[in-house]
Each structure stands twice: as C-alpha cells, then as structure tokens.
There are 2 protein chains.
Amino acid sequence: MSAPTQTPRVTRVTPLNNDASKWIHLEQIHYEDQTGAPRVWEVASRRTRGSAGVDAVAIGNVLLHPRKPASTLLVLQYRPPLDAYTVEWPAGLIDAAETPEQAALRELKEETGYEGRVVSVSPTLASDPGMTSANMQVAMVEVKLGEEEELPEQSLDEGEYIQRVVVPLSELYERLVAYSKEEKTVVSAKLFHWAAGLQFARENKYV
Amino acid sequence: MSAPTQTPRVTRVTPLNNDASKWIHLEQIHYEDQTGAPRVWEVASRRTRGSAGVDAVAIGNVLLHPRKPASTLLVLQYRPPLDAYTVEWPAGLIDAAETPEQAALRELKEETGYEGRVVSVSPTLASDPGMTSANMQVAMVEVKLGEEEELPEQSLDEGEYIQRVVVPLSELYERLVAYSKEEKTVVSAKLFHWAAGLQFARENKYV
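Cut-offs and rules
- Residues numbered from 1 in each chain as written.
- Chains lettered and ligands numbered in written order.
- Predicted model: local features only at pLDDT ≥ 70, side-chain atom pairs only at ≥ 80, totals over all residues.
- Heavy atoms only, no water.
- Domains from an automatic or database assignment.
- Contact = heavy atoms within 4.5 Å.
- Buried area = accessible area lost by both parts, 1.4 Å probe.
- Salt bridge = Lys/Arg side-chain N within 4 Å of Asp/Glu carboxyl O.
- Polar contact = N/O pair within 3.5 Å; in protein donor to acceptor, adjacent residues only side chain to side chain.
- Helix = DSSP H or I, 4+ residues; strand = E, 2+ residues; numbered from the N terminus.
- Nonpolar A, V, L, I, M, F, W, Y, C, P; charged D, E, K, R; others polar.
- Buried < 20%, exposed > 50% of the residue type's maximum accessible area, 1.4 Å probe, protein only.
- Lys, Arg positive; Asp, Glu negative; His and termini not counted.
- Pairing = 2+ DSSP bridges.

**Some remarks on the domain arrangement of chain A**
Residues and elements named next belong to chain A.
- Per the domain assignment, the segments of chain A are domain 1 (9-46) and domain 2 (56-168).
- Each of domain 1 and domain 2 has a C-alpha centre, and the two are 28 Å apart.
- Facing the 9 residues of domain 1 at the interface are 7 residues of domain 2.
- Each partner contributes to the roughly 570 Å² buried at the junction of domain 1 and domain 2, and carbon and sulfur atoms together form 55% of this total.
- By the criterion of area lost to domain 2, the three top residues of domain 1 are Val-10, Ala-44 and Arg-46, representing 54% of everything that side buries.
- Where domain 1 meets domain 2, there are 0 salt bridges.
- At the junction of domain 1 with domain 2, the criterion picks out 4 residue pairs in polar contact (both at pLDDT 80 or more).
- For the side of domain 1 that touches domain 2, the elements supplying multiple residues, two or more each, are strand E1 (9-15) and strand E3 (38-46).
- Top contributing element to the side of domain 1 that touches domain 2 by residue count: E3, with 6 residues.
- Of the residues in the side of domain 1 that touches domain 2, the class split is 5 nonpolar, 1 polar and 3 charged.

So this is what it looks like as structure tokens:
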C-alpha cells in the first residue's frame, strides 16, 4: 500500500444510467396505495445483495481494557458521495454466502485489526427507507484488550485508507459533535443516533 | 381523505433513467484518492435539496405526561422502496426556504398533530454515505402533554396514511425488536440505533 500523499478530491461528476452502473441502480415502483389508487415512487437499490438478504453490516463495538474506561473504535475515511471524511463504526457489505456475524468479524478484523465476540445482532433495518431499498444489521461486538496499548495491524484492500480512533463511551457524543465542526468531516447518522441515545440516558436518569 | 381499504401492494417495478426521474438521480464520481490514483464511485442523490443544504430532518421526540412514563411517538407507514411498513420517528424533507427547526415542528404537527419545543438540533449527518449523498439532521423535540389522553388530529397530505404509536422510552428497544418480527415490518436503522444506545446505557451503568 502506497503512503497517502494528498487529500482526495473530486475531479468530475457525470450522469450515470442503469446500463452503465455496476453497484447501484434506479427504479420506479408502481404500487397501489391503501385506497387502491395507483401511485409511483423512485428508489435507488444495490445490485450486490447476497443470500443473507441484507446489504450491509455495521460493527458497533465496545473495547474493554483492564484499566481504561470502556471505549469504542471509530473509522474515518474519505467518502466520495459526500466529498468528505466520514466518522462511522466499521461496516461493510455482506458477501454472497456470509452471515451477518461472519461479515462483522471479518470487516472488524480487516478495517481495524481487532478480533472480538459478537454479543448481539440487530434485526434487519432500513438504511434510508424514503429513498433506497438498502438495509443493514448492526452487530455489537465486544473486544477484550490486554495491557498493551498499540493498535493492531489493519488488512486493508488496495485503495482503502482508513484511520482508526478510539473514543471513551462517556465522551462519544461530544466527540461526534466536535468532529462535525471540522472541515470536510461528516458523522454517520446511525452512529450519531446511537451516541445520542446513550447520552440521553446519561442525562435523563428517569429512563 | 378516503378510508384505507387494503394493504398497499407493488404492481410493477421498471428501470428508471435520470432523464425520467423527478426525485433522485444516479451519478458517477470521478476522483483522485490519497495517492493521486484516479478512481470512480457510484452515488444516488436527491434532486430536492434546498437552501439549508440538508435534505431531511427527523423528529426525535419525548412526550412528557404529568403521570405517565416519558414516551416517544413513532410513525408506521407503508414505504414502497421496501414494500413494507416502516417504524420511524416522524421525518420529512426540508422545504427550500425552511430551517431544520421549522421543518421539524411543521412535520411533527402534520404527521402527528403535536406541537412541541425543539431542545436540540444535531449536526448535519450522512444518511448512508457509501451509497448516497443524502444527509439529514435530527431535532430533539419535547412535547408537554396535559392530562387528556386523546391523540390530536393529523393534517396529512392526500395519499399519506400514517399510524401513530406512543411507546414508553423504557420499552422502546424491546418494542422495536418485536416490531421487526411482524410481517412486512421494518424498523428504521437510525431510530433503532438511538434505542440501542439508550438501552446500552440502561444495561451498562459504567457509562
């Protein structure tokens, strides 16, 4: 892997039709609503959904260290759709014959070097149901750390540049708000919602 | 508004190209990565983004009643992209000249009949950054209820059928898991992440 030497930059954006696209395509859904009236809706879909019937898995993770506060590992990477760096939990598409659990542990290992234990897997969830058919599951993975401090080796694909950041859970919400104020940096809505739910519970003891 | 008489159903799905689409379109992004190597990425984008620079707002809401536990109002509606009913917080696109706060209170009133007070607005977040440029903000709205129990009147657009459900926050996570087991019912990933973060804090007092 060559060392990064510049901030990625968009050079050109061109219209794309379905006959030339490889990963996603656009469709018109013709449907009857609750009264029987005919209606249409526009949807973007992934072409890559495998036998699991689920497009992607996110790896919600908790790092437990013998002496340090419980933390979570985030990944920062350049995302061309936003022309920005995103702050997310590790995530990836589920390969054709994989289960979500297998994909979660594989992606965690590739993107972060960590090995963990899946403690729960969410139901299949709608990623952005007004606009896409994309769906995902979030696997919660617990990683037990030893005393040593160093981050393990990543095994990234050619062209992948992923920065890892470890954040104590008690600081997660504020850190995501702070990241959002940095130039060309956008936090994932799903990760932010998890952090906001956690923060809500910390601030409102009645729940 | 005519009364609903059937479960909505998809009659036909047809390919859609950009020249015939009204709401979303497909583009190819040509960019240079960190090493200067040319790469491409496929993205679906909304055509409707207004002056706020943000596509949509979700209304995270807390209902405070003098005697009942703190609750949240969810909306269930048929979503053609998934051919399923989704369970979400109220949400909607931000109109051209609206602020996210204005859009949040307008959508809450339209979809649920409630009037509330915006207590916080999130940074701009990436809805599904591997596949779309879509972004959103989540506004947290507090609704103070009186003693009366009845749900207020909705003001829905023609063709909108939205069912409202009030769920105590302490039961939210389990209720979303239960909804996911119902036929043709999918929970929104963002709402589920908020509930899972809340639940994580409730179960792990060390955060």
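**Notes on the side chain of Lys190(A)**
- Its place among the elements puts Lys190(A) in helix H3 (residues 189-203).
- Buried and unpaired, Lys190(A) has Asp128(B) as its nearest opposite-charge partner, separated by 4.1 Å.
- Those residues within four positions of Lys190(A) in sequence are excluded, and the remaining contacts are Met136(A), Ser127(B), Asp128(B), Ala189(B), Lys190(B) and His193(B).

**Concerning the interface of chain B and chain A**
- With 90 residues of chain B at the interface, the matching set in chain A holds 90 residues.
- For the salt bridge of Arg9(A) with Glu32(B), the shortest nitrogen-to-oxygen distance reads 3.3 Å.
- In this assembly, chain B and chain A are joined by 32 residue pairs in polar contact (both at pLDDT 80 or more).
- Here the side of chain B that touches chain A gets 12 residues from one element, more than from any other, and that element is helix H3 (residues 189-203) of chain B.
- Pairing analysis gives 2 bridges linking strand E9 (residues 125-126) of chain A to strand E12 (residues 185-188) of chain B, with the strands arranged parallel. Counted as the bridge partner of Ala126(A) is Ser188(B) from E12(B).

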